[in-house]
Amino acid sequence: MKFDTRHDLKFLLISLAISVFFFFSFTSTPEACYRIINVTTNLEEATFIINGPGSYSGSGTSWSLGGVPGGTYTIVFGDVKGYVTPPSESQTLVTYDNDTITFIGEYEWIVVKKNIIVGAGPGSRNLGLVKVFSHDGTETGVSFLAHGYKYGVNVASGDIDGDGIDEIITGVGPGPQNPAEVKVFDRNGNQLTGLSVTAYEYKYGVNVASADFDGDGIDEIITGAGPGPQNPAEVKVFVYDSLEQRFIDSGVDFTAYDTKYGVKVTAGDADGDGIPEIITERGPGPTYIRDIKIWKVDTSSSDIGQWSASRIAY
């Protein structure tokens, strides 16, 4: 058998060239390929961390990064108050070709369905009965006597002990001999130890509300003197001391009006700064004139007994 040396050499060179081509094609592709990670969310406040062959972080509704190495990446979304956090997710970028992966984080708004707390009205024969209803008006089965006095009961709610669950706050109704007694009960109607205070020496009960003025996640109790004909329009704020397990005077103690018959109180963020204010209304005297006032609470003092309040002019 005869061999054509020139032909064989030519064939060998062609084969070698093809082998080199495939070698470099398959060994250099991972570096030459372009890979992208995209993240989209439905909240500007969203944050996230991505871990894998590389580690990255970002925020907002649209984020993208190119030139990343191939491999498996896992995203973990940050919490946003008031929303359900999207679950973590893993995706893989191929190492041998151009590729793109997209993570989608859908934050769901938490719809809070709160219960309804009602207290008996100020009838002279009405006991201090409190009932709790579901958001749809059906009874929860929670029903209890908050105080041993007639003339009903005033109610509010707030997280007073910092356990993340609102408690029921009650104030004695406006009977002529009723003390300004405030109590706190859990959501099942059980009175909490140490969570009671007599706000004033005056009779005719006490009005109650709550708000978190210092931003620590624990609500303070606001009290307003009851509607006695000689009662000043005095407002106070009490703070729960978890170490001593009792209410202490915050230092906020002011007269909202120069009239008698007490004062009604509530709270809300009236100026939009994210911090609640005290809102007051005159008590129901015979010369009653509607007069709503708003008061800013100053909690800058490190000593809780030194808080103060000043009126916001509108």
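Parameters at a glance
- Residues numbered from 1 in each chain as written.
- Predicted model: local features only at pLDDT ≥ 70, side-chain atom pairs only at ≥ 80, totals over all residues.
- Heavy atoms only, no water.
- Pairing = 2+ DSSP bridges.
- Helix = DSSP H or I, 4+ residues; strand = E, 2+ residues; numbered from the N terminus.
- Axes fitted to C-alpha atoms, helices over the stretch in contact; angles between N-to-C directions.
- Polar contact = N/O pair within 3.5 Å; in protein donor to acceptor, adjacent residues only side chain to side chain.
- Contact = heavy atoms within 4.5 Å.
- Buried < 20%, exposed > 50% of the residue type's maximum accessible area, 1.4 Å probe, protein only.
- pLDDT = per-residue confidence, 0-100.

(A) Layout of the sheet that holds strand S15 (residues 181–185). Read across the sheet, 4 strands follow the order S13-S14-S15-S16 without closing on themselves; strand pairing throughout is antiparallel. Edge positions in the sheet fall to strand S13 (153–158) and strand S16 (191–198), since each has one partner strand and no second. This sheet shows a mean twist of 20 degrees between the axes of neighbouring strands, independent of strand direction.

(B) The arrangement of the side chain of glutamine 91 in detail. Mapping glutamine 91 onto the fold places it in strand S7 (residues 89–93). A polar atom in the side chain of glutamine 91 sits 2.8 Å from the backbone oxygen of threonine 102. For glutamine 91, the residues in contact, after removing those within four places along its chain, are Gly71, Thr72, Tyr73, Ile101, Thr102 and Phe103.

(C) Quick look at the environment of glycine 175. The residue glycine 175 is located in the loop between strand S14 (167–172) and S15 in this model. We classify glycine 175 as buried; its relative accessible area is 0%. Along the backbone, glycine 175 and proline 227 are 52 residues apart, and their C-alpha atoms lie at a distance of 9.1 Å. In contact with glycine 175, not counting residues within four places along its chain, are Tyr151, Tyr204 and Gly205.

(D) Highlighting the side chain of lysine 183. If you trace the backbone, lysine 183 turns up in strand S15. Overall, the relative accessible area of 16% leaves lysine 183 in the buried class. Looking at lysine 183, its side chain comes within polar contact range of the main-chain oxygen of alanine 146, at 3.4 Å. When sequence neighbours within four positions are dropped, the list of residues in contact with lysine 183 reads Ala146, His147, Ile168, Ile169, Thr170, Gln191, Leu195 and Ser196.

(E) Structural view of unusual backbone geometry. Even without a glycine there, the phi angle at tyrosine 151 is positive, about 70 degrees. By the element assignment, tyrosine 151 lies in the loop between strand S12 (139–145) and S13. By relative accessible area, tyrosine 151 is classed as partly exposed at 25%. In this structure, glutamine 245 is a non-glycine residue whose phi angle is positive, near 55 degrees. For glutamine 245, the position within the fold is in the loop between strand S19 (234–241) and strand S20 (246–255). Take glutamine 245: its relative accessible area is 49%, and that puts it in the partly exposed class.

(F) Highlighting the confidence of the model for the protein. Looking at the protein as a whole, the pLDDT averages 89, with 89% of positions reaching at least 70. In the model, residues 16–30 has pLDDT below 50 throughout and makes 6 contacts with residues more than four positions away in sequence or in other chains.

(G) Here's a closer look at the pairing of S14. With 6 of 6 residues buried, S14 lies mostly within the body of the structure. Side chains of S14 alternate between two faces, with Glu167, Ile169 and Gly171 and Ile168, Thr170 and Val172 buried alike. Across 6 bridges, the pairing between S13 and S14 is antiparallel. Residue pairing in the sheet places valine 155 in a bridge with threonine 170 of S14.

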